[in-house]
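# Structural description and commentary
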Amino acid sequence: MPVSSAAPQTVPVLVPLGLPAPYDYLVPEGDHVEPGEFVVVPLGTVEYVAAVWRRAAGENAPKIPRKKLREILEIFDDVPKLPAVSMDFAEWVAHYSLSPLGMVLRMMMSASAAFQPPAPRYGVRLEGPPPERMTPARARVLETAQNGLIWVKSTLAQTAGVSPGVIDGLVDAGTLVAEPLPDWHAKQLDTSRERAKLTAAQSDAAQDLCVNTSDGFAVTLLDGITGSGKTEIYFEAIAKALEAGKQALVLMPEIALTGAFLTRCEERFGARPAEWHSGVTPSVRGRVWRAVAENKAKLVVGARSALFLPFPDLGLIVVDEEHDQAYKQQDRVAYQARDMAVVRGHLGNCPVVLSSATPSIESLVNADQGRYRHIQLKSRYKAAGLPALQAIDMRKSPPERGAWLSPVLIEAMAETLERDEQALLFLNRRGYAPVTLCRKCGFRFECPNCSAWLVEHRFRHRLECHHCGKFAPLPDECPECGAEESLVACGPGVERIAEEVAELFPEARRAILSSDVAPSITELRETLREIEDREVDIVIGTQLVAKGHHFPGLALVGVVDADLGLAQGDPRAAERTFQLLSQVTGRAGREAIKGRGLLQTYMPEHPVIASLVAGDRDTFYAQEIAAREEAGMPPFGRLAALLVTAGNRLAAESYAREVARTAPPADQIQILGPAEAPLSVIRGRYRYRLLVKATREADLQAYLRLWLSQVPKARGDIRLTVDIDPYSFL
Ligand code: ADP
Ligand code: ZN
């Protein structure tokens, strides 16, 4: 049937803003657009890059008078389309998280450079005559560049081990000439390289895993103790996906982990995968985004947001350290990347591997109930045993006054150093001291914007708020009573432990690892490499060092305050502490060295501490699962958190009460609160919480939608946000 020229074509276009649905736009005459194409459209007085969406089956274009429709301004022919599966995924996530669809698209488009014409990039190639002046550094560059390939300048400098200036010098001399680089120039991944010979147990596990991942969507929990070789095993599944011509994605909870992993991938597959996380520069983000959408980037390693990249042909998703809470995104679109990886796998008919030495309760229950397949590895590679764990009862072996390390731990450290082995002290608290007070009048430094103490950071000579980032220099006298030299630091942070270690072991080479002390990803990776290469004797670190790293020389892990995480009253405090302490002590004794872990605690009889020391993971999990079931907590029930904030306490509180009053009655749903949040003020905004507790069978989203549609409109600066499956209760 000929298309009547009188009927203009309209298409739905989704603008990446807080909009629940696409708007209709006119297609310019003579043009044609398809779902997934990127276009520029006007909205109000602003122009946006947006995505052409699609209509549901059977849905017709709405009859809007032509005069009211606005026209698409530009169609990006050279930007790859958003794959249909990405649109499915966006809709699913928006529906589940109760977020505007446009905001999910915005996450998917968080690479603005991808929507601009790629700027030509230049590399260098060896072509001209050798330079007149030859130096050892120059000779190394010439040797490296001999293969005649076009090199990225920085890569050539790094590979040849010279400073970037040497490369520039050779360009000036005409020995190296500039050449345009192709838009995406990653080396081909090669799955046939020689690789580690797997042990019998590993090879069985790898075979099982490859069977599980060979036939579309299935979730496998790869559950193996630290150092059992889980990475080697899932490499086999990655190799298989790549051999089938598909793309593979590995998610990591912490970008500090990606460095060593990239190197390992390079050894295994002969090329570095594409990287995606907050440390990647905008122009690289743009290139990676395009290369993923064009199916040129075959292996991607990234933080949780990498899940939203536009993969057209994903054949495997691995979620490494799947239990890690860093997979939960709290702000804007709140989502749990591990759970969404399973959804993405389902929508794309692609297998998912969840890997951990200390699985989340959620995943373990799913495995127990047969929803996930379960592969277990119970021994370490090379028969290295798990570290022997011991509690130090701080009531019986207290530290000296003003110090934080027990004599038992100090002695163990001395023995370790004597044997030329490494020790790691773990304290999950940044800075020098969590509270500073005046000895004379009792004044404490509190953040003016938050209900939180200011944390002293001695390296930076200032007091900082860990919630809003406000900082101020530490004064010489008390701002309240004016007393001089009366200010004292209370409690320890990693910087203070480092100071104590320096006094105890002045000869030892020390490194502090904490997100604020290692300012850039490059420096962080450098410090991690130094530890790995045993250029450091004692590491003092926050959770940055707890996860995933492989430090061959590490023999002793001392946990400065094993009780710290247990003090938090949230439903996952025990689970999280068990996981974190297993992970951090699991760094010890990964190779030939016999590892040891010492936990400083005031409650050695606490079930978490007791099961850690007994090495009795199964009992811990069994108890924790039973307790969750009893209480109807996740995964046996479902939670959603509603947070009301406002610049005025009364406004926040009364609105929270109004919200609670409008909750529709429902059998399977219970509303708790409102209550003042434990962190009652952040950035000058007062906070009230409501917790919605539902059975597994209840349709929590439908209930919340109904509720929110009846909630009175928020006045003034009041905000109401919803967090499905919350992990933070502060
Ligand atoms: P996990 O991920 O379970 O903690 P990894 O895969 O990181 O364990 O393995 C721990 C260490 O043991 C790594 O350095 C890895 O290269 C090494 N390793 C594991 N299996 C083998 C093997 N079969 N042959 C050689 N090295 C291995
Ligand atoms: Zn603050």
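This text follows the structure it describes.
Cut-off values and rules
- Residues numbered from 1 in each chain as written.
- Chains lettered and ligands numbered in written order.
- Predicted model: local features only at pLDDT ≥ 70, side-chain atom pairs only at ≥ 80, totals over all residues.
- Heavy atoms only, no water.
- Helix = DSSP H or I, 4+ residues; strand = E, 2+ residues; numbered from the N terminus.
- Buried < 20%, exposed > 50% of the residue type's maximum accessible area, 1.4 Å probe, protein only.
- Contact = heavy atoms within 4.5 Å.
- Areas by Shrake-Rupley, 256 points an atom, 1.4 Å probe, with all protein chains shown as cover.
- Lys, Arg positive; Asp, Glu negative; His and termini not counted.
- Charge placed at Lys NZ, Arg CZ, Asp CG, Glu CD.
- Near = heavy atom within 4 Å.
- Polar contact = N/O pair within 3.5 Å; in protein donor to acceptor, adjacent residues only side chain to side chain.
- Nonpolar A, V, L, I, M, F, W, Y, C, P; charged D, E, K, R; others polar.
- Donors = N, O, S within 2.8 Å, 3.2 Å for Na, K, Ca; no water.
- Tetrahedral: all angles 85-135°; square planar, octahedral: opposite > 155°, others 65-115°.
- Salt bridge = Lys/Arg side-chain N within 4 Å of Asp/Glu carboxyl O.
- Pairing = 2+ DSSP bridges.
- Axes fitted to C-alpha atoms, helices over the stretch in contact; angles between N-to-C directions.
- Phe/Tyr/Trp six-rings, centres within 6.5 Å; stacked < 30°, edge-to-face > 60°.
- Patch = residues over 30% accessible without salt bridge, like charges linked within 9 Å, V, L, I, M, F, W, Y side chains within 5 Å.
- Parallel < 35°, antiparallel > 145°, perpendicular 65-115°, else oblique.

### Focus on the overall build of the chain
Of regular secondary structure, the chain possesses 19 helices and 32 strands. In terms of principal-axis extent, the alpha carbons of the chain reach across some 90 × 80 × 60 Å. Here the chain holds 730 residues, and the buried ones make up 52% of them. Across the chain, the fraction of contacts at a sequence separation of at least 24, relative to all contacts at a separation of at least 6, is 76%. Surface accessibility of the chain: about 33,100 Å² in total, with carbon and sulfur atoms responsible for 51%. Averaging the locations of the 82 positively and 91 negatively charged side chains of the chain gives two centres separated by 3 Å.

### Here's the deal with the site of ligand 1
Inspection of the region around ligand 1 gives 17 residues, with Lys197, Gln202, Gly227, Lys230 and Arg264 positioned closest. Here a nitrogen atom of ligand 1 sits 2.8 Å away from a polar atom, N or O, in the side chain of Gln202. At 3.3 Å, a backbone N or O of Ser228 approaches an oxygen atom of ligand 1. Contact with the protein chains removes 81% of the 550 Å² of surface that ligand 1 exposes when unbound. Each residue belonging to the shell around ligand 1 can be placed in one class, and the counts come to 4 nonpolar, 8 polar and 5 charged.

### Some words on the coordination of the zinc ion (ligand 2)
Taken together, Cys447 (SG), Cys450 (SG), Cys465 (SG) and Cys468 (SG) make up the protein donors of the zinc ion (ligand 2), found 2.2 to 2.4 Å from the metal. One way to put it: the 4 donor atoms around the zinc ion (ligand 2) meet at angles of 107 to 112 degrees, and that makes the site tetrahedral. Between consecutive donors of the zinc ion (ligand 2), the numbers of intervening residues give the motif C-x2-C-x14-C-x2-C. Placement of the pair is Cys447 in the loop between strand E20 (435-438) and strand E21 (455-457) and Cys465 in the loop between strand E22 (462-464) and strand E23 (471-473), with a sequence separation of 18 residues. Residue Cys465 is classed as buried on the basis of its relative accessible area, which comes to 3%.

### Concerning the pattern of salt bridges
Within the structure shown, the criterion is met by 40 salt bridges. As a salt-bridge pair, Arg419 and Glu421 come within 3.3 Å of each other at their nearest N and O atoms. Between Arg529 and Glu526 there is a salt bridge, with its nearest N and O atoms 2.8 Å apart. With Arg529 and Glu526 both in helix H14 (residues 521-532) and 3 residues apart, this pair spans about one turn of that helix.

### Some remarks on the sheet that holds E22
Spatially, 3 strands are ordered E21-E22-E23 in an open sheet, and the strand pairing comes out antiparallel. Across the chains shown, the open sheet's two edge strands, defined by having one partner strand only, are E21 and E23. Taking each pair of neighbouring strands and ignoring which way they run, the sheet shows an average axis angle of 30 degrees. For E22 and E23, the ladder comprises 3 bridges, and the chain directions are antiparallel. Pairing of Leu463 across the sheet is with Ala472, part of E23.

### Some details on the packing of aromatic side chains
In the structure shown here, the tally under the stated rule is 15 aromatic pairs. Aromatic side chains Phe38 and Phe115 sit 4.8 Å apart centroid to centroid with 55 degrees between the ring planes, which places their arrangement in the tilted category. Taken together, the positions of Phe38 in strand E3 (residues 38-43) and Phe115 in the loop between helix H2 (101-108) and strand E7 (121-126) put the pair 77 residues apart, joining distant regions of the chain. Neither residue differs from the other here; Phe38 and Phe115 are each classed as buried.

### Quick look at a negative patch on the surface
Residues Glu29, Asp31, Glu71, Asp77 and Asp78 make up a contiguous surface patch of negative charge. Mapping Asp31 onto the fold places it in the loop between strand E2 (23-26) and E3.

### What about the packing of helix H3 (residues 136-144) against helix H5 (residues 164-172)?
Where H3 contacts H5, the two axes come as close as 10 Å, and the packing angle between them is 75 degrees. Between H3 and H5, the angle falls in the class roughly perpendicular. Here H3 contributes Ala137, Arg138, Val141 and Leu142 to the contact with H5, which in turn contributes Val166, Ile167, Gly169 and Leu170. A breakdown of the residues in the contact of H3 with H5 according to their chemical character gives 6 nonpolar, 1 polar and 1 charged.

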